Amino acid sequence: MSANAFEVLNLVKRYRPDSPPVTDHMTLDIGVGEVFGLLGPNGSGKSTLVRQLAGLLRPTSGSIRLFGHDVVREPGRASQFIALQPQGLALPSQATPRELLRLTGRLRGLSVPAARQHAETLLSELNLSSCADGRIARLSGGQQRLTAIAAALIGDRPVLIFDEPTNELDPEIRRTVWERIRRSARSGKTVILVTHNVVEAEQALDRVAIVRHGQILALGTPGDLKAKVSQSVRLELSFSHAASEAAPALLEGMQGVQQYGARRYNVIVPRHETEAAISHILPGLNLLDDFRIITPNLEDVYLELTGGESHAGGR
Amino acid sequence: MQAVVKGDLMPVTVARPSLRDQFSVVLQLLYTDYRAQAPFLIITSLFLPLGIVWIIRQYAGSGPVTTWLLAGNMVLAVSYGSLTFALWRSAALRLTGEINFYGALPISQIVFVVSIFTVSLLSTLPPLLAAGAIGRWMLGIPIGRLFLAIPLALLAAATLSLFGIAIGSLCRTMEQVQTLTQLTTLVVTICSPVVLPLEKLPLPLKVTSFLLPPGQATIALADSLAGNFGLRFWVMTGSLVAWLAVCTYLAAKRLDWRAK
């Protein structure tokens with residue numbers, strides 16, 4: 001039995017024969033039940049890849065297999081397995097969220113009562129109940145985004161693709177959305193996430209591909225990528241007001257010390273020297289208000305690999 | 001219907017609705033657009049023909065010329081209703097990206113085209129019924145002839161809706177949508193005998209009237225309202241059917257949601 005939901009081989013997409021490829025010989029597998037992230041700067045080709053995976057865009061060459069089906073030859077198959085929340089908010093604008101969810105559920109094979117029940121559950125979970133009977137065109141950007149996410153979740157498709165799911169959402173509802181996505185993943189669904197919110201995504205992703213200029217720069221678990229890119233650890237120290245005079249003495253002899261405030265210091269140490277550096281600081285622990293050991297996060301990896309390119313928008 | 005993963009792969013079964021259920025649900029989704037515009041469309045389509053026919057009657061009485069103009073009025077209603085709605089809707093689907101919403105759902109492409117076409121026909125019904133009522137009460141046209149005119153008008157509406165879907169899908173900007181809508185109006189009102197009777201048109205416009213669906217529809221409708229079911233009536237009706245086949249093919253081909 002195959003463990004892969006998607007098998008992508010040598011995928012190339014050019015919009016014109018003489019234009020540079022937007023997808024440039026991409027090869028990757030996405031496992032069943034995996035939460036897979038696509039990260040990359042503006043115009044890197046993430047959304048183009050997703051549209052090919054969903055059967056909405058014909059690749060120039062290469063192959064895409066979804067649970068063994070050839071999506072390039074039979075694009076209609078994709079819609080039977082995949083639910084897509086596209087990047088744009090182009091939903092039937094004169095429908096209400098309640099109508100949209102019920103009807104989308106029915107198109108995904110739910111009976112009328114089941115579609116109604118599933119729609120009500122999602123409206124409640126995503127805080128859409130109060131605006132469920134208003135026209136989508138009149139909802140805020142955040143409410144439209146939530147409606148699009150709910151439309152992707154209804155009908156329990158085995159593969160869920162979210163393209164920038166938390167854009168325009170406030171922090172509280174963002175947390176709700178991430179929790180809902182994690183819950184889908186725990187129930188065995190394959191989840192593909194295109195996002196710029198690297199720090200939040202890191203909590204949810206099993207594996208991640210960092211994409212630039214249509215190519216995969218790095219592919220692996222967040223831990224693998226972090227280890228590959230950065231061999232340093234950052235120690236953050238915040239001295240108490242009374243002990244601020246003692247800081248130079250405590251940090252004397254340490255390499256990589258950076259002061260960034262009257263009483264705040266960063267110490268960047270190679271990973272293999274972390275233990276020695278912590279031992280050096282521990283005797284002065286009573287001088288500190290705060291002491292943190294920070295390993296590099298996915299955003300550091302992302303910025304290092306993409307050269308710090310802007311990561312707003314998408315293509 | 002179930003889609004089952006092939007071979008020794010993970011057994012995933014996914015429900016897929018029948019074509020009839022797909023049609024019913026997509027129609028409900030597309031109907032929401034019509035619903036938003038319906039009050040305006042219905043009021044306009046009911047009162048405009050009434051006013052036009054009343055004015056014409058003051059000038060021309062209730063003879064064959066008025067009957068001809070009533071047929072033209074029906075075709076105008078069909079053109080402005082179904083053709084422009086279909087043109088605008090299919091263009092908007094692409095321009096806004098809404099087609100991706102439908103494309104990502106398990107909907108048969110032909111079901112989608114038929115659903116847009118059906119909603120377009122909805123926008124045709126109020127003006128057609130208004131024109132029929134006017135024909136009966138103001139011009140004294142026998143009810144039997146009016147009933148015969150309705151399927152003919154719907155045939156014209158079907159052809160023009162599908163033609164609208166096909167050309168709407170060619171648009172890449174809203175400006176193109178507006179230009180094509182105005183061009184359509186020009187073709188309908190100038191190249192077809194909907195404002196002037198066929199006999200009064202110059203030769204080039206007589207030719208376009210016989211070749212293009214709005215002209216064919218007006219000629220067939222006028223013949224039917226006047227009770228003339230000769231060769232011309234049947235040739236025009238046959239030509240409309242041929243256009244319907246061509247436009248169905250073009251609409252299905254053009255409204256492919258899989259971008260190249």
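Refer to the structure above for everything that follows.
Scoring rules and cut-offs
Residues numbered from 1 in each chain as written. Chains lettered and ligands numbered in written order. Predicted model: local features only at pLDDT ≥ 70, side-chain atom pairs only at ≥ 80, totals over all residues. Heavy atoms only, no water. Helix = DSSP H or I, 4+ residues; strand = E, 2+ residues; numbered from the N terminus. Buried < 20%, exposed > 50% of the residue type's maximum accessible area, 1.4 Å probe, protein only. Contact = heavy atoms within 4.5 Å. Areas by Shrake-Rupley, 256 points an atom, 1.4 Å probe, with all protein chains shown as cover. Lys, Arg positive; Asp, Glu negative; His and termini not counted. Charge placed at Lys NZ, Arg CZ, Asp CG, Glu CD. Salt bridge = Lys/Arg side-chain N within 4 Å of Asp/Glu carboxyl O. Phe/Tyr/Trp six-rings, centres within 6.5 Å; stacked < 30°, edge-to-face > 60°.

### Re the overall build of chain B
- Scanning chain B from N- to C-terminus turns up nine helices and two strands.
- Listed N to C, the secondary structure of chain B is β-β-α-α-α-α-α-α-α-α-α in terms of helices and strands.
- A buried classification covers 51% of the 260 residues belonging to chain B.
- Expressed as a percentage of contacts within chain B between residues at least 6 apart in sequence, the contacts between residues at least 24 apart total 77%.
- Of the roughly 11,500 Å² that chain B leaves accessible, carbon and sulfur atoms contribute 72%.

### A look at the overall build of chain A
- Helix and strand counts for chain A stand at eleven helices and 14 strands.
- If one aligns the C-alpha atoms of chain A with their principal axes, the spans along those axes are about 70 × 50 × 40 Å.
- Across the 315 residues that make up chain A, the buried fraction comes to 51%.
- Put simply, of all contacts in chain A between residues at least 6 apart along the chain, 69% involve residues at least 24 apart.
- Carbon and sulfur atoms provide 47% of the accessible area of chain A, an area that totals close to 13,300 Å².
- Of the side chains in chain A, 35 bear a positive and 33 a negative charge, and the two mean positions are spaced by 10 Å.

### Re the pattern of salt bridges
- As enumerated under the stated definition, the model contains 15 salt bridges over all chains in all.
- Linked by salt bridges that have partners in common, A:Arg98, A:Arg102, A:Glu120 and A:Asp133 make up one network.

### Here we look at the environment of B:Val114
- Structurally, the position occupied by B:Val114 is in helix α4 (residues 109-137).
- With a relative accessible area of 34%, B:Val114 lands in the partly exposed category.

### Digging into the side chain of B:Thr237
- Note that B:Thr237 resides in helix α9 (residues 231-254).
- Once you skip the residues sitting within four places of it in the chain, B:Thr237 turns out to touch B:Leu152, B:Leu155 and B:Ala220.

### Here we look at the side chain of A:Thr195
- Mapped onto the elements of the fold, A:Thr195 is located in the loop between β8 (190-194) and α7 (198-202).
- When sequence neighbours within four positions are dropped, the list of residues in contact with A:Thr195 reads A:Leu38, A:Leu39, A:Glu164, A:Trp178 and A:Ala201.

### Let's talk about the packing of aromatic side chains
Residues and elements named next belong to chain B.
- Applying the stated rule across the entire model yields eight aromatic pairs over all chains.
- Measuring from ring centre to ring centre gives 5.0 Å for Phe229 and Phe233, while their planes differ by 90°; the resulting arrangement is edge-to-face.
- For the ring pair Phe233 and Trp234, a centre distance of 4.8 Å and an interplane angle of 80° mean the geometry is edge-to-face.
- Judged by its relative accessible area of 5%, Phe233 falls in the buried class.
- Each residue in the set Phe101, Tyr102 and Phe112 is aromatic and connected to the rest through ring pairs, giving one cluster.

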